[in-house]
Amino acid sequence: SSVSRALQIIGDKWSYMVVREALFGRRRYDQILSELGIAPNILTDRLSRLVEQGVFMRRLYQQAPERYEYILTDMGRDLYGPIVAMLAWGDKWLSNSKPPLILRHNICGHDFRAEVICDQCKKPIIAADMKYRLTYDPKAYGALGPRSVV
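(A) Main features of the environment of Leu 33. Position of Leu 33 relative to the elements: it lies in helix H3 (residues 29-36). Considered as a pair, Leu 33 and Glu 66 are 33 residues apart in the sequence and their alpha carbons are 17 Å apart.

If you want it as structure tokens, here you go:
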């Protein structure tokens, strides 16, 4: 499924956290390294993989020595919604006390919590109020669906 393939890209702790840092404006290796306290070899590996998978593009910002910043692609920026939803879920079910991150919408100045809304009627969606239809024949592709769907 698309979810299992997405988890192959950002499903490990460090990949997720590197993308999260980029969504909050950290683009440079040293910024991400100091913010996360991650081992340099692990950060280098995750950044390379995320560039290879199309989540980041690498851009040279200094010649000598060569230094790069990691810019989210359209694919990477589209991870904002799912990551904020995962933060909300983790805060609700896994946080021992108060949420570790409070998200504020700079436009209106209010703290917010993520929720899934219908792009048509703008009302919140819960699982009991929706259904899906397959766009492929599961017998032809097995349990994971067509390999070409991202």
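(B) Structural view of the nonpolar core. With 23 residues, the main nonpolar core has Val 18, Val 19, Leu 36, Leu 47, Leu 50, Val 55 and Phe 56 as its most contacted residues. Among the secondary structure elements, those contributing two or more residues to this core are helix H1 (2-10), helix H2 (13-23), H3, helix H4 (40-52), strand S2 (67-72) and helix H6 (80-93). When residues of this core are assigned to their parent elements, the largest contribution, six residues, is made by H2.

(C) Focus on the packing of H2 against H4. Where H2 meets H4, the closest approach of the two axes is 10 Å, and the angle between their N-to-C directions is 75°. Between H2 and H4, the interaxial angle falls into the category roughly perpendicular. The residues of H4 that touch H2, namely those facing Trp 14, Ser 15, Val 18 and Val 19, are Ile 42, Leu 43, Arg 46, Leu 47 and Leu 50. For the contact of H2 with H4, the residue count by class is seven nonpolar, one polar and one charged.

Scoring rules and cut-offs
- Residues numbered from 1 in each chain as written.
- Predicted model: local features only at pLDDT ≥ 70, side-chain atom pairs only at ≥ 80, totals over all residues.
- Heavy atoms only, no water.
- Helix = DSSP H or I, 4+ residues; strand = E, 2+ residues; numbered from the N terminus.
- Core = buried A, V, L, I, M, F, W, Y, C linked by side-chain atoms within 4.5 Å.
- Buried < 20%, exposed > 50% of the residue type's maximum accessible area, 1.4 Å probe, protein only.
- Axes fitted to C-alpha atoms, helices over the stretch in contact; angles between N-to-C directions.
- Parallel < 35°, antiparallel > 145°, perpendicular 65-115°, else oblique.
- Contact = heavy atoms within 4.5 Å.
- Nonpolar A, V, L, I, M, F, W, Y, C, P; charged D, E, K, R; others polar.

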